[in-house]
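What the coordinates show
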Amino acid sequence: MNLFDILGPVMVGPSSSHTAGAVRIGRIARRLLGEGTPARAHIALSGSFAATGHGHGTDRALIAGLLGMQPDDERIAVSFDLAHEAGMEYAFSRVNLSGEHPNTARLELTARNGKFLSIVASSLGGGRIMVMEMNGLRANFSGDLPTLIVQNVDQPGHVSDVTSMLSHKGVNIATMQLYRDHPGGNAVMIIETDKAVPQEGIAWLERSEGITRVTFIDAE
């Protein structure tokens, strides 16, 4: 437990889970897309987000996060207007994501250059969030630590390539998770680290055969 669990985050209300957490979900989705404000966003709300989210400003909060706002930004209330000004198209729907936390959303984003990202993320309370799925593969990370996400073909050697690169760059691994859809199919490594991964290390991974996408987000 930390101070935020007791007092809650610094935020524009009314709810740390439905508002502050929703801003953080939108914000981490923007950072994972890595192309600034998306051109298009489709957001599907599940559980409590769908049932009471509008009254708590969850929809405006998610859009605010996609625009790069923080949970304490006073412009959250007018995020729809700001999205229109920024040229971002958006739409909301409801979905039943059974088995997930009640405060969960699926965001499907398209950048202006055509890059696509899909994530499922949950707001856990106190402004804390967890990304549960990324581009159809299971995940489990919060963005509170520097996070390296490597998507690759499920073949021997990729884990060794990534960990060797991190060791060579002097980057210590805090946590590491491996997921795949089936043997020989699509796989993902999610590695939380103690410090930022150097850009040259990321560029080396991007050139490696069998690695399809590399994403790094530093801690905020």
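Scroll up to find the structure this text is about.
Okay, so let's go over this structure.

Calculation notes
Positions within a chain are numbered from 1, following the residues in the order the chain's sequence is written. Under the rules for a predicted model, residues below a pLDDT of 70 receive no local features and side-chain atom pairs below 80 are neither given nor counted, while totals for whole chains, interfaces and linings still include all residues. Only hydrogens and water are removed before side-chain values are computed, so all heavy atoms of the structure are retained for them. Relative accessibility thresholds used throughout: buried, under 20% of the residue-type maximum; exposed, over 50%; partly exposed, between the two (1.4 Å probe, protein chains only). The numbering of helices and of strands both runs from the N terminus, where a helix is a DSSP run of H or I of at least 4 residues and a strand a run of E of at least 2. Arc, as used here, means the arc of the directions from the helix axis to the C-beta atoms. In what follows, a contact means two residues having at least one pair of non-hydrogen atoms within 4.5 Å. Note: two strands are recorded as paired if DSSP finds a minimum of 2 bridges between them. We define a polar contact as two N or O atoms separated by no more than 3.5 Å, with the added condition that, inside protein, one atom must be a possible hydrogen donor and the other a possible acceptor, whereas residues neighbouring each other in sequence contribute only through side-chain atom pairs. Residues belong to a common nonpolar core when they are buried Ala, Val, Leu, Ile, Met, Phe, Trp, Tyr or Cys residues joined through side-chain atoms within 4.5 Å.

**Concerning helix α7 (residues 199–206)**
When we look at burial in α7, the residues that qualify are Gly201, Ile202 and Leu205. Down the axis of α7, the buried side of the element spans an arc of 100 degrees, and every buried residue falls inside it. For α7, the secondary structure elements touched by its buried residues are β7 (147–153), α6 (158–168) and β10 (211–217).

**Observations concerning unusual backbone geometry**
Within the chain, Asn135 stands out as a residue other than glycine whose phi angle is a positive 50 degrees. Mapping Asn135 onto the fold places it in the loop between β5 (128–134) and β6 (137–141).

**Section: the pairing of strand β1 (residues 40–47)**
With six bridges joining them, β1 and strand β2 (residues 89–94) adopt parallel strand pairing. For Ala44, the partnering residue across the bridge sits in β2 and is Ser93. Of the strand pairs in this sheet, β1 and strand β3 (residues 103–110) are connected by eight bridges, and their pairing is antiparallel. By the bridge assignment, Ala41 is partnered in β3 with Leu109.

**Concerning the side chain of Asp73**
For Asp73, the location among the structural elements is in the loop between α4 (58–66) and α5 (79–86). By relative accessible area, which is 16% here, Asp73 ends up buried. Among the polar contacts made by the side chain of Asp73, one reaches the side chain of Arg75 at a distance of 2.8 Å.

**A short note on the nonpolar core**
Leu32, Leu66, Leu107, Ile119 and Phe141 are the most contacted members of the largest nonpolar core, which has 40 residues in total. Per element, the largest residue contribution to this core is seven residues, and it comes from helix α2 (residues 16–33). Residues within four places of Leu32 in sequence aside, it is in contact with Lys115, Leu117, Ile119, Met134, Phe141, Ile149, Thr215 and Ile217. Val150, Val171, Ile191 and Ile202 belong to the second largest nonpolar core, which has 13 residues in total.

Without other data, these values stay purely geometric and don't point to any function.
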